Amino acid sequence: MYLQNKFADFLLRVAVGLAIGVVFGFLLSEVSYRYNPAKYGVDRAPREVELVIPYGTADQVEQGVYNRSIPTDMTFVEGDVLIVKNEDQVAHQLGPLWIPANTSSAMQLETANQFSYECTFQPTNYMGLDVRPRVDVGTRIEAILAAALPTGMMLALYSYMLPGRKKKEI
């Protein structure tokens with residue numbers, strides 16, 4: 001009987017600790033995600049992103065002038081397709097893409113990473129591509145559990161440091 005009471009007390013402490021840990025993990029994960037989503041992956045479906053190189057870009061690059069319509073860095077999600085449309089009078093290159101004048105070329109962005117590609121349509125001769133992992137329900141649950149389980153177990157262990165309940169004598 002004594003061991004059953006101790007085991008039931010242990011299970012109760014673990015259950016309460018895990019419940020508090022899940023609430024804490026949910027709050028910690030979701031609040032940090034909501035207030036700083038740019039730091040994490042993107043929760044949208046992959047899509048095609050078009051980048052247009054306007055007519056006269058080669059002349060501007062030669063003069064060292066930035067074309068404001070062309071970003072120096074771009075952010076993507078895994079699975080996006082970058083389509084580079086060259087409306088300039090000369091061929092351009094972006095990393096592995098060779099884009100002759102008045103044509104388009106596409107690049108599938110499958111791996112989350114930060115890339116710096118050689119680029120002929122930027123005065124700096126490079127362009128940064130930031131490919132972020134896609135955030136889905138599974139990723140969010142993993143983040144919650146990563147905080148919830150250790151927190152809950154530590155709360156269960158620390159609960160043994162609380163003063164015990166005094167038994168009433170009859």
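Here the structure is shown first, and the text comes after it.
Read on for a plain summary of the structure. Note that this is a predicted model, so its numbers are computed, not measured.

The terminal C-alpha atoms of helix α3 (residues 137-158), which comprises 22 residues, lie 31 Å apart, in line with the 32 Å expected from a rise of 1.5 Å per residue. Along α3, the positions that sit buried rather than exposed are R140, I144, A147, A148, G152 and A156.

Core analysis: the largest hydrophobic core is formed by 19 residues, its most contacted members being L82 and L94. Taken together, the elements giving at least two residues each to this core come down to β1 (48-53), β2 (73-77), β3 (80-86), β5 (97-99), β6 (103-109) and β8 (126-132). Sequence-distant contacts of L94, that is, excluding residues within four places in its chain, are made with L82, V84, I99, M107, Y117, E118, C119, F121 and M127.

What follows concerns the side chain of N67. When you line up the elements, N67 lands in the loop between α2 (57-62) and β2. A polar contact is formed between the side chain of N67 and the side chain of S69, at a distance of 2.7 Å.

With that settled, consider the sheet that holds β6. Taken in spatial order, the three strands line up as β1-β3-β6 in an open sheet, and their pairing is mixed. Each having just a single partner strand, β1 and β6 make up the two edges of the open sheet. Across this sheet, the average inter-strand angle for adjacent strands is 20 degrees, counted without regard to direction. Here seven bridges tie β3 to β6, and the two strands are oriented antiparallel to one another. Bridging from a neighbouring strand, V81 pairs with Q108 of β6.

With 34 residues, helix α1 (residues 2-35) should cover 50 Å at 1.5 Å per step; its first-to-last C-alpha distance of 49 Å lies within 8% of that length. Among the residues of α1, those classed as buried are D9, V14, G17, G21, G25, S29, E30 and Y33. Close packing links the buried residues of α1 with α3.

Rules and cut-offs
Residues numbered from 1 in each chain as written. Predicted model: local features only at pLDDT ≥ 70, side-chain atom pairs only at ≥ 80, totals over all residues. Heavy atoms only, no water. Helix = DSSP H or I, 4+ residues; strand = E, 2+ residues; numbered from the N terminus. Expected span 1.5 Å × (residues − 1). Buried < 20%, exposed > 50% of the residue type's maximum accessible area, 1.4 Å probe, protein only. Core = buried A, V, L, I, M, F, W, Y, C linked by side-chain atoms within 4.5 Å. Contact = heavy atoms within 4.5 Å. Polar contact = N/O pair within 3.5 Å; in protein donor to acceptor, adjacent residues only side chain to side chain. Pairing = 2+ DSSP bridges. Axes fitted to C-alpha atoms, helices over the stretch in contact; angles between N-to-C directions.

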